[in-house]
Structures are given as structure tokens and as C-alpha cells.
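Here are the chains, one letter per residue:
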Amino acid sequence: MATTDRQTATLALAHALSAAERGLPVFPLSATKLPALRSPHHDEDPPVHCRGACGLPGHGVHDATTDPAAVRALFAAAPRATGYGIACGRPPHRLIGIDLDVDTAHGNDSVAALQQLALQHLFTIPATVTVLTPSGGRHLWLTGPSGVSVSNSASRLAPGIDVRGTGGYLVGPGSVTTHGRYRLAPGTAHLPPAPCPRALLRLLTPPPRPNRPAGRVTPARQGEGLVQFVRAAHEGQRNTRLFWAACRAYEHGFGDALADALTDAARSTGLTEQEARAAIASAARLTAPRTP
């Protein structure tokens, strides 16, 4: 391993240990922001859905720990790790990550969207730990109350706003990826993660949908409103509406079934089929479940 690689790996471990000392469960990441340790079950057929019960490392976010000795062992097993992930939803902080993406391709302003939500639902965005991403986005760290589980989502709150909750993770500050370094925003390093405002927490934990008789509602019927939403797009909002609708469809499990209808709707607004398919594929990737 080159000297620079060794220095990067050493710094990644140091940052991870520092986070663990503050009660944040951590695990090693590769430069692609994915878990650095390969699953011990990768060759097993049929696939094994293990969350670490086997006792071996290589289960992604389920490896996360605050124990310094265990953190060192994980990084020793992943000598090419260049960063670390912080597991969300775990005590004592029960971290909730608000990921504000920069998405110039779809014309999204996620910071403005969050501010609009705050005005609409009467909450204040608190001063809290903020991590700047290499792409120009930012992660806001919030804490959740005991007994409340926040799910991971992509652009459900608004286009460009992703949420990392139970079962998800954030890339820790000091991590180095193929696109650059994650770093703390000036003036936030001394702050603790702020409690999530109650009004925002209600948006992050919507009430469960009522059960409906099986077999009566088809994916096409469920997605009719999403298709109409895309068809009603004007120039300047076509990509944004398509991307948002596709995210909702994939989150509800009928994205593939609705993809052709969404594509046709997008073409009626002036997008090419290639542009529409690319936006839908991007939504599918963003909403895909993270696997250990």
C-alpha cells in the first residue's frame, strides 16, 4: 500500500475512534462510500440475510460499534478503508441525518426546500453538527427521542432531501471518497447534535397507511396520480416532477411496473425517452434498500 493510502487509512481510523468516543457507532467505508468489509456470506446460495448474528464482520451498518477495540479490529480487517460510516437510529444519540443534496441536473434546491417546509410547518431548523459533502451538499445531524424509529427515504420530504434513520448511515467527517473529503462546516464542530423539532419529526414519521383489501388496487391504479403529476409539469420542472414521482413509486414497491407510464408522461411534456429513463433509473438507485 502506498504511503498516501496508509496515511488516509490511519486518519480514517483516528476520526472513527474520535466519533466512537462521543457515542457514535462506526464502521469502515471504502472510497465508494460503501462498507469496506466484504460480506462473509457473499458466495452462499441461496443468499443469506444476516445482520451480524453469525459473529463475523462484514455486515455493513450492522458492524457499527462504539467499542474502541472493536473499531480497531474492523479497520485492521479493512486496511484500504478511507472513511467511516456512522449508524443512525442507535442509542444514545439516535441520530437522524438530513441529507441535502445538490442536484443541478434536476434543478433542485434542497436547502430552500427545507426552509420552505420549516415555514409551512412552523418549526425552526436548529443549529447543529453540519457536515459538508464533496459534491457541495450537506448533512444535518439531529437526534430522535427514545421509542421513535425514523425510516430511510429519498426525496420523500421534498426533491433533493434524503433522510437517514434506523438501518441507514452517514459518511463521517474526515472520510475521503473518490469525490473528495467530508468535513465539518465551520462553526459547528463544537455543537452537539440538536434534537429534531417535533413538527419535523412528525413529517419524518407519518402515520401508517390503512390496510386495504388485497387484490383490489393495482400498481397502475396506485400510480395514476403520480403519472398525472408528471403530465402536468411545465418547462423547468419536468425533471424534478418525474424524479420525485419515480422515487414515490419505487418506495411503494411498484416503480418497475409504473416506469413505462411515467416515461410516456414525461415524453408528453417534452423530455426524450432517454432523459426520462435516466431520471427513473436514478430514482430506483436512490430508493433501493441498502444491503449489508
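Throughout this document, residue positions are counted from 1 along each chain, in the order its sequence is written. Where totals are concerned, whole chains, interfaces and linings use all residues; where local detail is concerned, this predicted model gives features only for residues with pLDDT of at least 70, and gives and counts side-chain atom pairs only at 80 or more. Here the side-chain values reflect all heavy atoms present in the structure, with hydrogen atoms and water set aside.

Peer 1: Would you explain the pairing of strand 2 (residues 83-87) in this entry?
Peer 2: In summary, the side chains of a regular strand alternate between the two faces of the sheet. Buried, partly exposed and exposed residues are distinguished by accessible area as a fraction of the type maximum, computed with a 1.4 Å probe on protein chains only: under 20%, between the cut-offs, and over 50%, respectively. In this text, helices come from DSSP runs of H or I with a minimum length of four residues, and strands from runs of E with a minimum of two, each type numbered from the N-terminal end. Across the five residues that make up strand 2, a large majority, five, are buried. Of the two faces of strand 2, the one holding Gly83, Gly85 and Ala87 and the one holding Tyr84 and Ile86 are both buried throughout. At least two DSSP bridges between two strands are required for those strands to pair. Of the strand pairs in this sheet, strand 1 (residues 26-29) and strand 2 are connected by four bridges, and their pairing is antiparallel. Directly across from Phe27, in strand 2, lies its bridge partner Gly85. Sheet topology note: the strand 2/strand 10 (residues 169-171) ladder contains three bridges and is antiparallel. When the sheet's bridge partners are listed, Gly85 is paired in strand 10 with Val171.

Peer 1: Looking at this model, I keep getting lost on the pairing of strand 7 (residues 138-143). Mind explaining?
Peer 2: A large share of strand 7 lies buried, amounting to five of its six residues. As paired elements, strand 3 (residues 95-100) and strand 7 share six bridges and run antiparallel to each other. Along strand 7, the bridge assignment pairs Asp99 with His139. Where strand 6 (residues 130-132) meets strand 7, three bridges bridge the pair, whose relative direction is antiparallel. Residue Val131 lies in a different strand from strand 7, and its bridge partner there is His139.

Peer 1: Which parts of the structure should I look at to understand unusual backbone geometry?
Peer 2: It is generally the case that most residues other than glycine have a negative phi and that most peptide bonds are trans. That bond from Pro91 to Pro92 is cis: its omega, 5 degrees, falls within 30 degrees of zero. The topology assignment puts Pro92 in the loop between strand 2 and strand 3. One non-glycine residue, Leu122, lies in positive phi territory at about 60 degrees. You can see Leu122 is positioned in the loop between helix 3 (110-121) and strand 6.

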